[in-house]
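# Structural overview
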Amino acid sequence: QVQLVESGGGLVQAGGSLRLSCAASGASGRTFSSYGMGWFRQAPGKEREFVAAISWSGGSTYYADSVKGRFTSSRDNAKNTVRLQMNSLKPEDTAVYYCAASTSCAGYGCPIGSYDYWGQGTQVTVSS
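A short tour of the structure in this document, coming up. Quick caveat: nothing in here was measured; it's all calculated off a predicted structure. (Residues numbered from 1 in each chain as written. Predicted model: local features only at pLDDT ≥ 70, side-chain atom pairs only at ≥ 80, totals over all residues. Heavy atoms only, no water.)

## Quick word on the side chain of Asp93
- Relative to the assigned elements, Asp93 resides in the loop between strand S8 (81-86) and strand S9 (95-102).
- At 2.9 Å, the side chain of Asp93 and the side chain of Arg41 are in polar contact.
- With residues up to four places along the chain from it excluded, the contact list for Asp93 reads Arg41, Arg70, Phe71, Ser88, Val124 and Val126. (Helix = DSSP H or I, 4+ residues; strand = E, 2+ residues; numbered from the N terminus. Polar contact = N/O pair within 3.5 Å; in protein donor to acceptor, adjacent residues only side chain to side chain. Contact = heavy atoms within 4.5 Å.)

## Quick look at unusual backbone geometry
- Phi is positive for Asn80, which is not a glycine, with a value near 50°.
- Relative to the helices and strands, Asn80 resides in the loop between strand S7 (71-76) and S8.
- Although it is not a glycine, Ser88 sits at a positive phi angle of roughly 50°.
- Mapped onto the elements, Ser88 comes out in the loop between S8 and S9.

## With respect to the sheet that holds strand S3 (residues 18-25)
- Reading across the sheet, the 4 strands line up as S1-S3-S8-S7 and stay open at both edges, with antiparallel pairing between neighbours. Looking at the sheet topology across the chains shown, the edges are occupied by strand S1 (3-7) and S7. Direction aside, the axes of adjacent strands within the sheet are offset by 15° on average.
- For S7 and S8, the ladder comprises 6 bridges, and the chain directions are antiparallel. Directly across from Ser74, in S8, lies its bridge partner Arg83. (Pairing = 2+ DSSP bridges. Axes fitted to C-alpha atoms, helices over the stretch in contact; angles between N-to-C directions.)

## A word on the state of the cysteines
- Scanning all chains against the criterion turns up 2 disulfides.
- Two residues, Cys22 and Cys99, share a disulfide whose sulfurs are 1.9 Å apart. The S-S bond linking Cys22 to Cys99 shows a torsion near 50°; that makes this disulfide right-handed. Placement of the pair is Cys22 in strand S3 and Cys99 in strand S9, with a sequence separation of 77 residues.
- You can call Cys22 buried: its relative accessible area is 1%.
- The disulfide partner of Cys105 is Cys110, and the gap between their sulfur atoms is 2.0 Å. Negative torsions about the S-S bond denote left-handed disulfides, and the value of about -90° found for Cys105 with Cys110 makes this one left-handed. (Disulfide = S-S within 2.5 Å. Buried < 20%, exposed > 50% of the residue type's maximum accessible area, 1.4 Å probe, protein only.)

## Structural notes on the packing of aromatic side chains
- On inspection of all chains with the given rule, the structure shows 6 aromatic pairs.
- Considering the side-chain rings of Phe40 and Trp118, the 5.0 Å spacing of their centres and the 55° angle between planes classify their relative orientation as tilted. In this pair, Phe40 is assigned in strand S4 (residues 36-42) and Trp118 in strand S10 (residues 117-118), connecting sequence segments 78 residues apart.
- Ring geometry for Tyr98 and Trp118: centres 6.5 Å apart, planes at 80°, overall edge-to-face. Here Trp118 lies in strand S10 and Tyr98 lies in strand S9, a separation of 20 residues in the sequence.
- Trp118 sits in the partly exposed class, given a relative accessible area of 26%.
- Ring pairing ties together the aromatic residues Phe40, Phe50, Tyr98, Tyr115 and Trp118, which thus form one cluster.
- One residue, Arg48, lies across the ring of Trp118, its end atom 4.8 Å from the ring centre.
- In this structure, Arg75 is placed above the aromatic ring of Phe32, and the distance from its NZ or CZ to the ring centre is 4.7 Å. (Phe/Tyr/Trp six-rings, centres within 6.5 Å; stacked < 30°, edge-to-face > 60°. Lys NZ or Arg CZ within 6 Å of the ring centre and 35° of its normal.)

Function cannot be inferred from these measures alone, as they are strictly geometric.
In structure tokens form, the structure reads like this:
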């Protein structure tokens, strides 16, 4: 069982920045680097949507069109941590942000069902 804990959410004005972190523990005998990691978000009344994904080594990253050029994902496998740097935030970025880990898929196109473990989420609110 893998536990994922997000942190770094909060309230920020439009145009501002936040950095989310996701710490993993209890990797069930697998190294953290063997998990594909993703970020998702869910706004009130909407379905959970893909935000970003990062390959096992962190060498490749993928983003939803809505955040491309503004968000950057990275991972530190030595610290079992993945981060999401969010710049130029917009009110429409307001949502609960979740990190997720997959034992079977990493990178672009991983279906949401391929993610086996989820964090509890962290609220990001962007005021206009």
